[in-house]
Amino acid sequence: MVEEDMIILGIETSCDETAAALVTDDKRILSNIVSSQFQEHKPFGGVVPEIAARAHLIHIEFIIQRALQEANLSLDQIDGVAATGGPGLIGGVIVGVMIGKGLAMAKNIPFIPINHLEAHALTARLTGDVPFPYLLLLVSGGHCQFLIVEDVGVYTYLGGTLDDAIGECLDKTARLLGYPYPGGPTIEKLALTGNPEAFALPHPLKGQNGCSFSFSGLKTAARKIILENEASSPSFQADFCASLQKTIGEILVDRCHHAVTMALEKKPDIVNLVLAGGVAANQYFRKRLENCSQERGLTLITPPVSLCTDNGAMIAWAGVEHLNHRLVGSLTFAPRPRWPLENLKSEIGEKS
Ligand code: KG4
Ligand code: ZN
């Protein structure tokens, strides 16, 4: 360990993963511990907020201790604590924020509340050398939006979903097929052996101006097909998942072309499209968007799969970026169930 490195502890508790990580300002991930609550939520077929909050409370101290152990560090060697401050399931966010504040207070180091979406947006800069500005497609369980990432804390919203997110559509559809949360990875796996032309599904908003999305109609159409077929048949499941994945891929490509045009009008110097969030773990979507980026002269950048789904390293890294920009929160920060990315810089406040 080089003495002068800045080391940040990142804490993530906004959904169903209890996670903690230690990351340096020179982009080294010293530890990254993620504990999934998969078993706790399995009987209910989705994430139950109250169960999630209790599970975070039970596991968080142990997870932070493990992160420190794996990095061979003590709390005295940490230079700041970053914790997800929202958006997310509020019970879990409160757990992470309170323990983060407690540790920061006890060690007299900065507490940095992090917007979870911003952490997804900045992860590509932890794993690669991605300069500002870039176009971002953020696709997760609760979010689906295009943004221009202009700088740390400075985001321009271009368009997003009018109803459901892709992750939600995949999770609900997998549930109808009898699979637990998270459904995205299951659908990707089932689709591998299926015929993508087997079922025709709608492409909401395809060809329309702007880069909004709508997935509720697709979700309903998927449900109808499942109810009309032998849903437990392996060949049905493979064909259906391949068709659904292909349809979503086509929607993404169509919307992406519009978003690239909009982004380049505003910022002609953009050369990268970053794909981030849990759904970005999907190899099929990556491939489709890679082709689309190439056609438009942009380079697609995707963080490694383990850093696409929720983790503490992305929170710690966002903490590093904030400290580098002298953007620090205060111990009076209140956890937020909703927290849009616009106006982030003025909300967090800049240190003089
Ligand atoms: O970013 P994330 O871990 O949590 C949120 O902030 O929402 O994203 C979780 C979402 C879930 O909807 C999950 O089904 C989806 O990401 N997901 C995937 C894959 N891995 C996770 N969707 C498609 N393909 C995958 N391989
Ligand atoms: Zn997330």
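Just so we're clear, the structure is a prediction, and the values are computed from it rather than from any experiment.

## Thoughts on the site of ligand 1
In the vicinity of ligand 1 there are 19 residues, among which Gly141, Asp171, Gly184, Glu188 and Asp310 approach most closely. One of the backbone N or O atoms of glycine 141 is found 2.8 Å from an oxygen atom in ligand 1. Here an oxygen atom of ligand 1 and a backbone polar atom of glycine 167 are 3.4 Å apart. Contact with the protein chains covers 92% of the free accessible surface of ligand 1, which is 550 Å². Put simply, the parts of the chain that give the shell around ligand 1 at least two residues each are helix 4 (116-127), helix 5 (166-176) and helix 6 (183-191). It is helix 6 that contributes the most residues to the shell around ligand 1, 4 residues altogether. Split by residue class, the shell around ligand 1 holds 5 nonpolar, 11 polar and 3 charged. There are two domains that each give the shell around ligand 1 at least three residues, and those are domain 1 (7-122 + 307-351) and domain 2 (131-303).

## A look at the packing of helix 5 against helix 7 (residues 216-228)
It is the contact of helix 5 with helix 7, at a shortest axis distance of 10 Å, that shows an interaxial angle of 15 degrees. Between helix 5 and helix 7, the interaxial angle falls into the category roughly parallel. Here the hand of the crossing between helix 5 and helix 7 comes out right-handed. Only Leu218, Lys219, Ala222, Arg223 and Ile226 of helix 7 make contact with helix 5, whose side of the interface consists of Glu168, Cys169, Lys172, Thr173 and Leu176.

## Re the packing of aromatic side chains
In this structure the tally under the stated criterion is 8 aromatic pairs. Measuring from ring centre to ring centre gives 6.1 Å for tyrosine 284 and phenylalanine 285, while their planes differ by 65 degrees; the resulting arrangement is edge-to-face. Ring geometry for phenylalanine 333 versus tryptophan 339: centroids 5.4 Å apart, planes at 40 degrees, classification tilted. Among the residues examined, tryptophan 339 registers a relative accessible area of 4% and is labelled buried.

## Some details on the environment of threonine 84
Tracing the chain through its elements places threonine 84 in strand 4 (residues 80-86). Taking the C-alpha atoms as reference points, threonine 84 and aspartate 129, 45 residues apart in sequence, are found 24 Å from one another. With near-sequence residues (within four places) excluded, threonine 84 lies in contact with Ile11, Glu12, Ser14, Val93, Val97, Ile114, His116 and Ile315. Side-chain polar atoms of threonine 84 contact the side chain of glutamate 12, separated by 2.6 Å.

## Some words on empty space enclosed by the protein
Enumeration over the complete set of coordinates arrives at 1 cavity of 30 Å³ or more. The computed volume of the largest cavity comes to approximately 50 Å³. Taken together, Asp16, Gln37, Phe38, His41, Lys42, Gly45, Gly46, Pro180 and Tyr181 form the lining of the largest cavity. For the lining of the largest cavity, a count of residues per class yields 3 nonpolar, 4 polar and 2 charged.

## Concerning the side chain of glutamate 321
With respect to the element layout, glutamate 321 can be found in helix 11 (residues 312-324). Exposure remark for glutamate 321: the relative accessible area of 3% places this residue in the buried category. Once residues within four sequence positions are removed from consideration, glutamate 321 is found in contact with Leu122, Arg125 and Val152.

## Description of the domain arrangement of the chain
When the domains of the chain are assigned, the result is domain 1 (7-122 + 307-351) and domain 2 (131-303). For domain 1 versus domain 2, the separation of C-alpha centres amounts to 26 Å. Each side of the interface is counted separately: domain 1 has 25 residues, and domain 2 has 25 residues. Roughly 2,000 Å² of surface becomes buried between domain 1 and domain 2 when both sides are summed, with 68% attributable to carbon and sulfur atoms. Between domain 1 and domain 2 we count 0 salt bridges in total. At the surface where domain 1 touches domain 2, the tally comes to 5 residue pairs in polar contact (both at pLDDT 80 or more). For the side of domain 1 that touches domain 2, the elements supplying multiple residues, two or more each, are helix 4, helix 10 (305-308), helix 11 and helix 12 (344-348).

## Quick notes on the nonpolar core
For soluble globular proteins, the rule of thumb is that nonpolar side chains tend to be buried together. Counting 61 residues, the largest nonpolar core has Leu9, Leu22 and Ile64 as its most contacted members. Broken down by element, the residue count for this core peaks at 8 residues, all from helix 11. If you count residues domain by domain, this core takes at least three from each of domain 1 (7-122 + 307-351) and domain 2 (131-303). Leave out the neighbours within four places in its chain, and leucine 22 touches Ile7, Ile8, Leu9, Arg28, Ile29, Leu30, Ser31, Ala67, Leu68, Ala71, Leu73 and Ile78. Listed in part, the 49 residues of the second largest apolar core include Leu137, Phe146, Ile187 and Leu300.

Rules used in this analysis
Residues numbered from 1 in each chain as written. Chains lettered and ligands numbered in written order. Predicted model: local features only at pLDDT ≥ 70, side-chain atom pairs only at ≥ 80, totals over all residues. Heavy atoms only, no water. Near = heavy atom within 4 Å. Polar contact = N/O pair within 3.5 Å; in protein donor to acceptor, adjacent residues only side chain to side chain. Areas by Shrake-Rupley, 256 points an atom, 1.4 Å probe, with all protein chains shown as cover. Helix = DSSP H or I, 4+ residues; strand = E, 2+ residues; numbered from the N terminus. Nonpolar A, V, L, I, M, F, W, Y, C, P; charged D, E, K, R; others polar. Domains from an automatic or database assignment. Axes fitted to C-alpha atoms, helices over the stretch in contact; angles between N-to-C directions. Parallel < 35°, antiparallel > 145°, perpendicular 65-115°, else oblique. Left-handed = near helix turned anticlockwise from the far one by under 90°. Contact = heavy atoms within 4.5 Å. Phe/Tyr/Trp six-rings, centres within 6.5 Å; stacked < 30°, edge-to-face > 60°. Buried < 20%, exposed > 50% of the residue type's maximum accessible area, 1.4 Å probe, protein only. 1 Å grid on protein atoms, 1.4 Å probe; cavity = no way out; pocket = protein on both sides within 12 Å on 5 of 7 lines; lining within 4 Å. Points joined across faces, edges and corners; volume = space filled by probe spheres on them. Buried area = accessible area lost by both parts, 1.4 Å probe. Salt bridge = Lys/Arg side-chain N within 4 Å of Asp/Glu carboxyl O. Core = buried A, V, L, I, M, F, W, Y, C linked by side-chain atoms within 4.5 Å.

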